[in-house]
Amino acid sequence: MSLSRGRDHLATPGPSIIPEKVLTAMNRSAPNIYEGEIIAITESILSDLANFAGTSGNVVLYVANGHGVWEAAIVNLFEKGDTILILSTGQFGIGWASLCKNLNMNIIVLDFGYESTIDFNQLESVLIDDFNQEIKAVLSVQTDTASSVLNDIQLIKQTIDACNHPALFLVDSIACFGCDRFEMDEWGVDVMVTACQKGLMTPPGISYCFVNEKAILQSEKKISVSPYWDWKPRINPKNFYERFFGTAPTHHIFWTEGGFRYDD
Ligand SMILES: *Cc1c(COP(=O)(O)O)cnc(C)c1O
């Protein structure tokens, strides 16, 4: 005789356990994707997410997983052959680095293994040795899921600034957004990427790119970006469908009864 009650839960880093409230909110028929409720909910989610990340910058939504938003951030900002410095404290820094390599970026990886946080002296010496300021960006993971190492994001930015280096600063908070504190503007992060299936506890399928003014200016210099990943029309859509470049991920963005109310 089984004494178990309720749903089975598999405790992996992601998809994390999906609360009953979220599952209940999804249990409904599809809405009109061109007007009304879906537009209002999406716009409210954009401003809530920006507040939650501590930024007055823009939020870009992709129907994608974490790998998708990793690629989105890179292809909006950099050209083939650009030099990118990646700080790795586990598996996911290495993963982002290999994606950059496959996009024909020139990568420098500082790998601190699975047991330690970032060594700021090493970071400083790489940036100081970069006389011609070839390094276009520094990439770091906030919490690396494979090692559970949590990095001090603010201190990375302070180190970049102390070296008077103009590199953009990109952070992967895919594992821990919603669990660990994130203060994008206060910490000086230019781009933060995250996804919905870990700390945010929803089924996989949406990822988010938070972009500040400096990153937007840089992206405007790019000669071309593949249409699906291009964040410019998603940030300034002429029609609602451009927010997602196609059908909105409708059931990912509903709120439960008693949460959001749409009164037209
Ligand atoms: C899970 C994870 C990713 C990859 O996300 P996917 O949705 O599996 O593509 C990237 N970075 C970190 C830190 C993660 O935990």
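Residues numbered from 1 in each chain as written. Predicted model: local features only at pLDDT ≥ 70, side-chain atom pairs only at ≥ 80, totals over all residues. Heavy atoms only, no water.

Undergrad: Summarise the site of the ligand; cite the residues concerned and give the values.
TA: Of all residues adjacent to the ligand, which total 13 residues, the nearest are H67, T145, D172, Q197 and K198. For the ligand, a nitrogen atom lies 2.7 Å from a polar atom in the side chain of D172. Here K198 contributes a side-chain N or O atom positioned 2.7 Å from an oxygen atom of the ligand. With the chains in place, 90% of the 380 Å² that the ligand exposes on its own is no longer accessible. Among the elements that make up the shell around the ligand, the one with the highest residue count is helix α3 (residues 66-77) (three residues). Split by residue class, the shell around the ligand holds five nonpolar, six polar and two charged. (Near = heavy atom within 4 Å. Polar contact = N/O pair within 3.5 Å; in protein donor to acceptor, adjacent residues only side chain to side chain. Areas by Shrake-Rupley, 256 points an atom, 1.4 Å probe, with all protein chains shown as cover. Helix = DSSP H or I, 4+ residues; strand = E, 2+ residues; numbered from the N terminus. Nonpolar A, V, L, I, M, F, W, Y, C, P; charged D, E, K, R; others polar.)

Undergrad: Which residues make up the pattern of salt bridges, and what values do they have?
TA: With the rule as written, the count across this model stands at eight salt bridges. With a closest N to O distance of 2.9 Å, R7 and E20 form a salt bridge. Residue R7 is located in the segment before α1 (20-26), and its partner E20 is located in helix α1; the two are separated by 13 residues in the primary sequence. Judged by relative accessible area, which is 48%, R7 ranks as partly exposed. Residue D190 pairs with K214 through a salt bridge whose shortest N-O separation is 3.9 Å. Here D190, found in the loop between α7 (184-187) and β6 (191-195), pairs with K214, found in helix α8 (residues 213-219); they are 24 residues apart in sequence, far enough to count as distant. Judged by its relative accessible area of 3%, D190 falls in the buried class. (Salt bridge = Lys/Arg side-chain N within 4 Å of Asp/Glu carboxyl O. Buried < 20%, exposed > 50% of the residue type's maximum accessible area, 1.4 Å probe, protein only.)

Undergrad: Describe the pairing of strand β2 (residues 83-88), with residues and values.
TA: Counting buried residues in β2 gives six out of six residues, a clear majority hidden from the surface. Side chains T83, L85 and L87 project from β2 onto one buried face, and the interleaved I84, I86 and S88 project onto a second face that is buried too. Relative to strand β3 (residues 106-111), β2 runs parallel, the two being bridged by six bridges. Bridge pairing links S88 to D111 in β3. One ladder, built from five bridges, connects β2 with strand β4 (residues 135-141); its direction is parallel. In the strand pairing of β4, L85 is matched with V138. (Pairing = 2+ DSSP bridges.)

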